[in-house]
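# Chain and residue survey
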Amino acid sequence: MALATELLSDRCFGDFKRLIYEKVGISLNESKRCLLSTRLSKRLRALGIDDPAEYFKLVMREGSEGDEMQELINCITTNKTDFMREPHHFRFLTEHCFPAAVNLSLKGEPRKLRIWCAASSNGHEPYSLALTVRDFPAFDPSWDIRILASDIDTRVLAKASEGVYPADELLVLEKTQLHRYFDRGTGSLSGKVRAKRTLRDLITFRQINLIESSWPIQTKFDVIFCRNVMIYFDLPTQRKVVEHLIRYLKPGGFLMLGHSESIQWTPCPLRSLGHTIFQLS
Ligand SMILES: C[S@@+](CC[C@H](N)C(=O)[O-])C[C@H]1O[C@@H](n2cnc3c(N)ncnc32)[C@H](O)[C@@H]1O
């Protein structure tokens, strides 16, 4: 059964819309009713439930920390991503952020770099960050480098930590990068590649909800990538999230947003460097 838009009544659409907004900050306007219906229909089919209102009751009965709430979140998130998506950000790392960290180390600062990929989806972005780090010649083994990759969606986090991808998703990489950083799969993994330990060892995957008022993070970051997630939030939520992210940036640290995202409020302690790159003054 493919649930049609009209089957998601005004009342039911309103209930899901409110719940999803409260739980993950995703703002669903009328134009998303069809999308929500389609996505819910898959879950309903898997559970053998016909009526979305019944499904809503089930989610509410299990409560905010229930498994079905997580299933609902997993089915409503949009996870589109790519390797080296918006490549100017990776160039900026190599040309500005990493040399700046090396310069500081020459002045006696610890050889340490912390990067947060705050909506890491299926992992293409954190692995792109990891290979950009590994490709930077001045980062010898004496450097302590960590990448935190987080998302709200447990299904994409599981996929990302496996690090297995269809080989054709990596065509954007240079051949040398492909050979250096990925193993070619055989047998059941034929046609796929797996990120090598040298990349995987840099990354820690964790579930973090960007709209929570506190995050279980003790460190401050040199660079935060928070790309192509803010578009799903309304302006007050965007502002809340960016102001929260700023508290996790080191002075002089960089925040990268997605190509259609911006900071539309003042005052803001971030200085725009153009191309959706911001620096904490
Ligand atoms: C379109 S993907 C962007 C992936 C990657 N940053 C990129 O630009 O290629 C958006 C991701 O944001 C995640 N997301 C949505 N709401 C979130 C929230 N409240 N907290 C954390 N992640 C969230 C989704 O699960 C999804 O994986």
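Residues numbered from 1 in each chain as written. Predicted model: local features only at pLDDT ≥ 70, side-chain atom pairs only at ≥ 80, totals over all residues. Heavy atoms only, no water.

Before going further, it helps to spend a moment on the site of the ligand. Neighbouring residues of the ligand: 21 residues in total, closest Thr81, Ala119, Asp151, Arg227 and Asn228. Within the backbone of Val24, one N or O atom sits 2.9 Å away from a nitrogen atom of the ligand. Interatomic distance of 3.0 Å between a side-chain N/O atom of Glu125 and a nitrogen atom of the ligand. Burial of the ligand by the protein chains amounts to 99% of its free accessible area of 600 Å². Considering only residue class, the shell around the ligand consists of 8 nonpolar, 7 polar and 6 charged. (Near = heavy atom within 4 Å. Polar contact = N/O pair within 3.5 Å; in protein donor to acceptor, adjacent residues only side chain to side chain. Areas by Shrake-Rupley, 256 points an atom, 1.4 Å probe, with all protein chains shown as cover. Nonpolar A, V, L, I, M, F, W, Y, C, P; charged D, E, K, R; others polar.)

Bringing the environment of Gly258 into the picture now. Mapped onto the elements, Gly258 comes out in the loop between β8 (249-257) and β9 (270-274). Taking the C-alpha atoms as reference, Gly258 lies 9.5 Å from Arg85; in sequence the two are 173 residues apart. (Helix = DSSP H or I, 4+ residues; strand = E, 2+ residues; numbered from the N terminus.)

Taken domain by domain, the protein holds domain 1 (5-76) and domain 2 (87-280). Placing the centre of domain 1 and that of domain 2 at their C-alpha centroids yields a distance of 30 Å. Facing 10 residues of domain 1, the contacting portion of domain 2 comprises 11 residues. Linking domain 1 to domain 2 there are 0 salt bridges. Run the count over domain 1 and domain 2 and you get 8 residue pairs in polar contact (both at pLDDT 80 or more). Looking at the side of domain 1 that touches domain 2, the elements with two or more residues in it are α1 (10-24) and α4 (67-76). Looking at the side of domain 1 that touches domain 2 element by element, the count peaks at 4 residues for α1. Taken together, the residues of the side of domain 1 that touches domain 2 sort by class into 4 nonpolar, 4 polar and 2 charged. (Domains from an automatic or database assignment. Contact = heavy atoms within 4.5 Å. Salt bridge = Lys/Arg side-chain N within 4 Å of Asp/Glu carboxyl O.)

Counting 51 residues, the largest nonpolar core has Phe16, Leu72, Trp116, Ile224 and Leu255 as the members making the most contacts within it. Those elements that place two or more of their residues in this core are α1, α2 (33-47), α3 (52-62), α4, β7 (221-226), α10 (235-246), β8 and β10 (277-280). Looking at which element gives the most residues to this core, the answer is α1, with 6 residues. Summarising the domain contributions, this core has at least three residues from each of domain 1 (5-76) and domain 2 (87-280). Formed by 39 residues, the second largest nonpolar core is a distinct cluster that contains Met84, Leu113, Ala130 and Leu173. (Core = buried A, V, L, I, M, F, W, Y, C linked by side-chain atoms within 4.5 Å. Buried < 20%, exposed > 50% of the residue type's maximum accessible area, 1.4 Å probe, protein only.)

Now for the confidence of the model for the protein. Chain-level statistics for the protein give a pLDDT mean of 95 and a share of 98% at 70 or above. Segment residues 1-5: pLDDT under 50, and 13 contacts once partners within four positions in sequence are set aside and those in other chains are kept. (pLDDT = per-residue confidence, 0-100.)

Moving on to the packing of aromatic side chains. For the structure shown, the criterion picks out 16 aromatic pairs. Summarising the aromatic geometry, the rings of Phe16 and Phe56 are spaced 5.1 Å apart at their centres and angled 80° between planes, so their arrangement reads as edge-to-face. On the criterion of sequence distance, the pair formed by Phe16 in helix α1 and Phe56 in helix α3 is long-range, its members being 40 residues apart. Comparing Phe16 with Phe56, the two get one shared label, buried. Ring geometry for Phe83 and Tyr165: centres 5.1 Å apart, planes at 85°, overall edge-to-face. In this pair, Phe83 is assigned in the loop between α4 and α5 (87-106) and Tyr165 in strand β3 (residues 164-166), connecting sequence segments 82 residues apart. Taken as a pair, Phe83 and Tyr165 share a single burial class, namely buried. (Phe/Tyr/Trp six-rings, centres within 6.5 Å; stacked < 30°, edge-to-face > 60°.)

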